[in-house]
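# Breakdown of the fold
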Amino acid sequence: MLISPPVLSQPDGSKPFIIRTDASSYALGAVLIQGEKPEEHVTEYASRLMSSAERNYSTTEREALAVVWALEKFRGYVEIQEIIIASDHQPLKWLMSIKSPSGRLARWALQIQSFHPKILYTPGKSNVVTDLLSRPVHDNKEFVCNLNTISIELPSRRSRDIREEQIKDEDIKKIIDCFESGRKDENFINWTSRGYLMNQGILYRYSPDTESEEAQLVVPCHERERVLQQYHDSPTAGHSGSEGMYFKIASRYYFPGMRKFIAEYVKNCAECNRYKPNNQKPAGLLRTPIYAQRFETLAIDLFGPLPETPTGKKWIFLIEDTSTKWVELFALEDATAQNCAKFLIEEVFLRYGLPRRLISDNGTQFVSAVMQQTCNFLAYLQFGRELRTTDDVNHDLRSLIENDNFVAEITPYLKHFARLTPQIRERVEQKQDQRKKYFDKNRRPIYYQPGDKVWVTLHPKSSRSDKRSKKFYPKREGPYLVVTNRSPTTYDLSDPSTPDQVLGTYHTNMLKPYELPPEKNTSPVVPIKRRGRPRKYFPKADSSSGRLQSPRGSL
């Protein structure tokens, strides 16, 4: 049957299917047949090895497993068809007629009954094909894994050396002398009740905080740093947190104030500060701008690149008046400092006048030398508006409406807007207070003073060409020095070695207090780059002396 043509034939849905199964001690076999001799032909063969658990089944369980597995294997053929199961195991017929089955046989019986099969007994000499499939060639040789003995010398300390180190600590020496004196006075009872004991001249202590049944070695004060380095800084330690490190050390060692000492050590670890993420609330409370006069404070930004237009425009230059929320949008071909300065002067400053302040991010276009020179030049033409003069009042919106000629289509609406201006101001202030209230719930106030040292959060980028991944870069670097406070939430930073050279302005949410002791000071692994352009001097019109201007280009 296995080699005589046709070896396999297409199934015929009008004829019943015969499934022959067999099971050996390590494999299952099944064959799907249609027709009777001499027209009997095979539709499919199947065979598989048993798992280690299935090999422990009894003979009846293995034969039943073969039937269940064959029905699931040939489900696509035999479902909703007349099925005859032929097996050389007589108890399978009893399995289908048992009144109260239990265990896996009961589950298999229910599974078999869902196909409504007819189970027939076939002698083993007539079930040759499935018998062959259930006994594939199987090498029962077990591979022997030889154990290779590797001998290494681990560093060890003698009991005498440990005792000498303990005696150097005055507090531990006092306890050892009390135990070795032989007097069972109140001191002896006090130390014993706390769990202290002597073994081979070494002081140990049973700690009630640990689940270990072994006593912990009492560590002298001058060796505590070495123990913490071994359990925290070594390559196999993994710089675990204070809690995990405490339980590791407490299972073998003890010294007074161990939990606080470990927490302080982890807090002052330079590598943990540099690489571990911070799960605290972001620093810095919300600063709400004061409702100012129109076009007194402008916010500028760039958006793009976008799909190029037929005229070659692919950037949008955004200018917003923070008071009236008036927005001006300008399309740019290239996001350069020259284009930004040109549109600021020609489309904004010449139409609405010079603002008192410009707000921007640290984009290269806004901290460039071009923007810096533009802002410094315009500052000499009109250096802000610190006080409201009579001219300012005359040019106020209300004054212009009342003194100008009446225009029926425009003037009534402008007068109505002028009357609503105080209400708008009040409404904006209420919304600012509400927004600040909800924003500050998820923030924490942290303030720095000039001279404080801080960590700076980095934002590294992966580079395939340079074969570097941001996952292996530090999350923050330091120490850096706070030079000046630009506002309650922004600070100018510099390198401690060159405090006169400002590296840039950073928000407080990018800073973290640097609390490492001086002996643990380390140099940055990835130093931050200087932001913006160097400060420049511009001569005054009436004096030859120069005046230092901000590199951020604010008026």
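Parameters at a glance
- Residues numbered from 1 in each chain as written.
- Predicted model: local features only at pLDDT ≥ 70, side-chain atom pairs only at ≥ 80, totals over all residues.
- Heavy atoms only, no water.
- Helix = DSSP H or I, 4+ residues; strand = E, 2+ residues; numbered from the N terminus.
- Buried < 20%, exposed > 50% of the residue type's maximum accessible area, 1.4 Å probe, protein only.
- Contact = heavy atoms within 4.5 Å.
- Areas by Shrake-Rupley, 256 points an atom, 1.4 Å probe, with all protein chains shown as cover.
- Arc of directions from axis to C-beta.
- Salt bridge = Lys/Arg side-chain N within 4 Å of Asp/Glu carboxyl O.
- pLDDT = per-residue confidence, 0-100.
- Pairing = 2+ DSSP bridges.
- Axes fitted to C-alpha atoms, helices over the stretch in contact; angles between N-to-C directions.
- Core = buried A, V, L, I, M, F, W, Y, C linked by side-chain atoms within 4.5 Å.
- Expected span 1.5 Å × (residues − 1).
- Bend = angle between axes of the 7 residues up to and from the residue.
- Left-handed = near helix turned anticlockwise from the far one by under 90°.
- Nonpolar A, V, L, I, M, F, W, Y, C, P; charged D, E, K, R; others polar.
- Phe/Tyr/Trp six-rings, centres within 6.5 Å; stacked < 30°, edge-to-face > 60°.

### A word on the overall build of the chain
- When helices and strands are tallied, the chain shows 17 helices and 20 strands.
- Among the 555 residues that make up the chain, the fraction classed as buried is 35%.
- Within the chain, residue pairs in contact and separated by at least 24 positions form 60% of the contacts whose partners lie at least 6 positions apart.
- With the model as given, the accessible surface of the chain reaches about 35300 Å², and the carbon-plus-sulfur share is 53%.

### Side note on the environment of Val-31
- Here Val-31 lies in strand β2 (residues 27-34).
- Residue class for Val-31 comes out buried when judged on its relative accessible area of 0%.
- Counting along the chain gives 14 residues from Val-31 to Tyr-45, while the straight-line C-alpha distance between them is 4.6 Å.
- With sequence-adjacent residues up to four places away left out, Val-31 is seen in contact with Ile-18, Ile-19, Arg-20, Val-42, Glu-44, Tyr-45, Phe-74 and Thr-130.

### Details of helix α6 (residues 159-167)
- Along α6, the positions that sit buried rather than exposed are Ile-162, Glu-165 and Gln-166. Down the axis of α6, the sector holding all buried residues measures 100 degrees, keeping them to one side.
- Contacts made by the buried residues of α6 are with α7 (170-180), β7 (202-205) and β8 (216-218).

### Structural notes on the pattern of salt bridges
- In the structure shown here, the tally under the stated rule is 20 salt bridges.
- One salt bridge in this structure joins Glu-165 and Lys-168, with 3.4 Å as the shortest N-O distance.
- Overall, Glu-165 belongs to the buried group, its relative accessible area being 17%.
- Residues participating in the shared-partner salt-bridge network are Glu-72, Arg-75 and Glu-79.

### So, the confidence of the model for the chain
- Confidence in the prediction of the chain, expressed as mean pLDDT, is 80, and 82% of residues score 70 or more.
- Per-residue pLDDT stays below 50 along residues 380-391; that stretch engages in 17 contacts with residues further than four places along the chain or on separate chains.
- Of the regions scoring below 50 in pLDDT, residues 536-555 engages in 45 contacts with residues more than four places distant in sequence or in other chains.

### So, unusual backbone geometry
- The amide bond that connects Gly-304 to the next residue, Pro-305, takes the cis arrangement and shows omega of 0 degrees.
- Pro-479 follows Gly-478 through a cis peptide bond whose omega is 5 degrees.
- Inspection of the secondary structure puts Pro-479 in strand β15 (residues 476-487).
- Even without being a glycine, His-116 presents a positive backbone phi close to 55 degrees.
- Residue position: His-116 is located in the loop between α4 (103-113) and β5 (118-121).
- The exposed category is assigned to His-116, whose relative accessible area is 67%.
- The phi angle at Lys-467 is positive, at roughly 55 degrees, despite the residue not being glycine.

### Points about the sheet that holds strand β16 (residues 490-495)
- One open sheet accounts for five strands, arranged β17-β16-β15-β14-β18; its pairing is antiparallel. The sheet terminates laterally at β17 (498-507) and β18 (511-513), the two strands that pair on one side only. Adjacent strand axes in the sheet meet at a mean angle of 50 degrees when their direction is disregarded.
- Summarising the sheet, strand β14 (residues 453-457) and β15 pair through four bridges and their orientation is antiparallel. Bridging from a neighbouring strand, Val-456 pairs with Glu-477 of β15.

### So, the nonpolar core
- Grouped together as the largest cluster of nonpolar side chains are 29 residues, with contacts concentrated most on Ile-19, Leu-28, Leu-71, Phe-74, Val-78, Ile-83 and Trp-108.
- Going through the elements one at a time, β1 (17-23), β2, α1 (59-73), β4 (83-87), α3 (91-97) and α4 are the ones with two or more residues in this core.
- With eight residues, α1 is the single largest residue contributor to this core.
- When sequence neighbours within four positions are dropped, the list of residues in contact with Leu-71 reads Ile-19, Val-78, Ile-83, Ile-85, Ile-112 and Phe-115.

### Some words on the sheet that holds strand β9 (residues 253-254)
- Here we have four strands laid out as an open sheet, ordered β6-β7-β8-β9, and mixed in their pairing. Strands at the two margins of the open sheet, each flanked by one partner only, are β6 (196-199) and β9.
- Here four bridges tie β6 to β7, and the two strands are oriented antiparallel to one another. Within β7, the position partnered with Leu-197 by the bridge is Tyr-204.
- Lying over the sheet, α6 contacts β6, β7 and β8, oriented at roughly 75 degrees with respect to β7.

### Quick word on helix α13 (residues 337-352)
- Compared with the 22 Å implied by 1.5 Å per residue over 16 residues, the 21 Å span of α13 between its first and last C-alpha is a close match.
- At Ile-345, α13 shows its largest kink, close to 35 degrees.
- All buried positions along α13 are accounted for by Ala-337, Cys-340, Ala-341, Leu-344, Val-348 and Phe-349.
- Looking one or two residues past α13, Gly-353 carries a phi angle of roughly 95 degrees, positive in sign.

### Things to note about the packing of helix α9 (residues 224-232) against helix α10 (residues 242-250)
- Relative orientation of the contacting elements α9 and α10 amounts to 115 degrees, with a least axis distance of 10 Å. The handedness of the crossing between α9 and α10 is right-handed. Contacts between α9 and α10 pair Val-227, Leu-228, Tyr-231 and His-232 from the former with Met-245, Lys-248 and Ile-249 from the latter.
- Across the contact of α9 with α10, the residue classes break down as five nonpolar, one polar and one charged.

### Overview of the packing of aromatic side chains
- Enumeration according to the criterion identifies 11 aromatic pairs in this entry.
- Note on Trp-455 and Tyr-514: the rings are 4.9 Å apart at their centroids and 45 degrees apart in plane angle, and the pair reads as tilted. Here the residue Trp-455 occupies a position in strand β14, and Tyr-514 occupies one in the loop between β18 and β19 (537-539), the gap between them amounting to 59 residues.
- Feature note: the residues Trp-191, Tyr-196 and Tyr-254 constitute an aromatic cluster, connected by ring pairs.

### Concerning the pairing of β17
- In the sheet, β16 pairs with β17 via six bridges, with the strands oriented antiparallel. Among the inter-strand pairings, Leu-493 is bridged to a residue of β17, identified as Gly-504.
- Count of turn residues in the β16/β17 antiparallel hairpin: two residues.

### Description of the side chain of Thr-297
- Within the fold, Thr-297 resides in strand β10 (residues 297-303).
- Classification of Thr-297 by relative accessible area gives buried; the value is 9%.

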